[in-house]
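Next come the chains, spelled out residue by residue.
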Amino acid sequence: MTTHPPARPPFDPELDAVLEAIGRVMSPTITPDMIPAARQEPSRRPTPEALAAAGLEARDVVIPGYAGASIEVSVVQPVGRTGTGPGIFHIHGGGMILGDRWSDLETFAETILRYDAVFVTVEYRLAPEFPDPVPVEDCYAALVWTAENTAELGIDPDRLLIIGVSAGGGLAAGTTLLARDRGGPRLCGQMLFYPMLDDRDRTVSTLQIDGVGIWDRTSNITGWSALLGDRRGTDDVSIYAAPARATDLSGLPPTFIDCGSAEVFRDEDVAYASAIWAAGGQAELHVWPGGFHAFEGFVPGARLSQEMIAARANWLARMLAP
């Protein structure tokens, strides 16, 4: 008997019109054999001239990652910056299998300038070549490096914030749990954009988003399988790899989580915020009606996108203002 996905929330009409066009050039589904071709997308690293035109400058630093391997971070700041201000530690998205540390710089350029912030973005190693625990441990090593060098970087240690996008949101959540459990760097907040938190493929939202939208159920299974291999969905998965598995979310910094109502990650993101509240913590949750995964990046001018961007800016203002 053929089974069909359960009915899903409708896409926002303004977003749906663009999603139809996106679907003609980009499949909602990524399978393992598609990873090499998807990685052929050029890096979004800006040229020094483009950075300068945006009022920014950057430098690369090689640091020790997991098990002593060398990884790279980039430090981005306003041109000629001096003194001390907020620090933003950033982890990029890409389903654990794609992307690089420059993927989201355009998103945060205005924030860096507004708060005179230092933006540290990490080139963690990708699955499947580097499976768990390499990605999250690379991120943690880079966070520790950032915290240990706040004086040299000009970061106020009381205003060090972690931000992760999609898979990077899951890695940011895992890195924050590692910091809590190892007595590591103290964070003033964690900001999780539609985070990828749960490897178990059990939620209603993962069943609903199958063959539609951006990053559907099959894509999600591809990403988690690359990270975890045969351990995906078993009891042999740590809370740092899949933070949705954590049963104790006490002791975390103030948290921001957002997602769309029509994306795979909706239910795990709502559950994560609820678990933080249940543990007596502080979390702000936004579920944008009719939003598909990462909709604000694909359709930034849409009304819903503008509301999402404004909500993020408001939370950041509360966290980073002196």
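Residues numbered from 1 in each chain as written. Predicted model: local features only at pLDDT ≥ 70, side-chain atom pairs only at ≥ 80, totals over all residues. Heavy atoms only, no water.

> Hey, could you go over the sheet that holds strand S2 (residues 70-78) for me, with residue numbers and the actual values?
Strand order in the open sheet formed by eight strands is S1-S2-S4-S3-S5-S6-S7-S8, and the pairing between neighbours is mixed. Every other strand in the sheet has two partners, leaving strand S1 (56-64) and strand S8 (283-288) as the edge strands with one partner each. Strand after strand, the sheet turns through a mean of 20° between neighbouring axes, direction not considered. In terms of strand pairing, strand S5 (residues 155-165) meets strand S6 (residues 189-193) through five bridges, oriented parallel. By the bridge assignment for S6, Leu161 is matched with Gly189. Where helix H7 (residues 167-181) meets the sheet, it contacts strand S3 (85-91), S5 and S6, and its direction lies at approximately 135° from that of S5. In the packing of helix H12 (residues 303-320) onto the sheet, contacts are made with S3, S5, S6, strand S7 (255-260) and S8, and the angle to S8 comes to roughly 175°. (Pairing = 2+ DSSP bridges. Helix = DSSP H or I, 4+ residues; strand = E, 2+ residues; numbered from the N terminus. Axes fitted to C-alpha atoms, helices over the stretch in contact; angles between N-to-C directions. Contact = heavy atoms within 4.5 Å.)

> Outline helix H1 (residues 13-23), supporting the account with residue identities and numerical values.
Every buried residue belonging to H1 is among Leu15, Leu19 and Ile22, and all of these are buried. Along the long axis of H1, the arc covered by the buried residues comes to 55°, so they all point the same way. The outward face of H1, more than 90 degrees from its buried face, is lined by the exposed residues Pro13, Ala17 and Glu20. Where H1 is buried, its residues touch helix H11 (295-298) and H12. Its side-chain oxygen at 3.0 Å from the backbone nitrogen of Glu14, Asp12 defines the N-terminal cap of H1. (Buried < 20%, exposed > 50% of the residue type's maximum accessible area, 1.4 Å probe, protein only. Arc of directions from axis to C-beta. Polar contact = N/O pair within 3.5 Å; in protein donor to acceptor, adjacent residues only side chain to side chain.)

> For the pattern of salt bridges, give the residues involved together with the corresponding values.
Across all of its chains, the model carries 24 salt bridges by this definition. For Arg312, the salt bridge goes to Asp258, with nearest N and O atoms at 2.7 Å. Here the residue Arg312 occupies a position in helix H12, and Asp258 occupies one in strand S7, the gap between them amounting to 54 residues. Side by side, Arg312 and Asp258 carry an identical accessibility label, which is buried. Put simply, Arg312 and Glu296 hold a salt bridge, and the shortest N to O gap is 3.1 Å. Here the residue Arg312 occupies a position in helix H12, and Glu296 occupies one in helix H11, the gap between them amounting to 16 residues. Comparing Arg312 with Glu296 shows no difference in burial state: the two are buried. A single network of salt bridges, built from pairs that share partners, joins Arg45, Asp60, Glu72, Arg101 and Glu123. (Salt bridge = Lys/Arg side-chain N within 4 Å of Asp/Glu carboxyl O.)

> So what about unusual backbone geometry? Which residues, and what values?
Cis peptide bonds are those with omega within 30 degrees of zero, and the linkage from Ala127 to Pro128 qualifies with 5°. Following the sequence through the fold, Pro128 ends up in the loop between strand S4 (118-123) and helix H5 (134-148). Cis geometry is adopted by the peptide bond preceding Pro133, which originates at Asp132 and carries an omega value of 15°. The phi angle at Asp116 is positive, at roughly 50°, despite the residue not being glycine. Structurally, the position occupied by Asp116 is in the loop between helix H4 (105-114) and S4.

> Can you tell me about the packing of H5 against H7, naming the residues and giving the values?
Packing of H5 against H7 leaves a shortest axis separation of 9 Å and a crossing angle of 60°. Comparing their axes, H7 and H5 come out oblique. When the axes of H5 and H7 are compared, the crossing they make is right-handed. Seen from H5, the contacting residues are Pro135, Val136, Glu137, Cys139, Tyr140 and Leu143; seen from H7, they are Leu171, Gly174, Thr175, Leu178 and Ala179. (Parallel < 35°, antiparallel > 145°, perpendicular 65-115°, else oblique. Left-handed = near helix turned anticlockwise from the far one by under 90°.)

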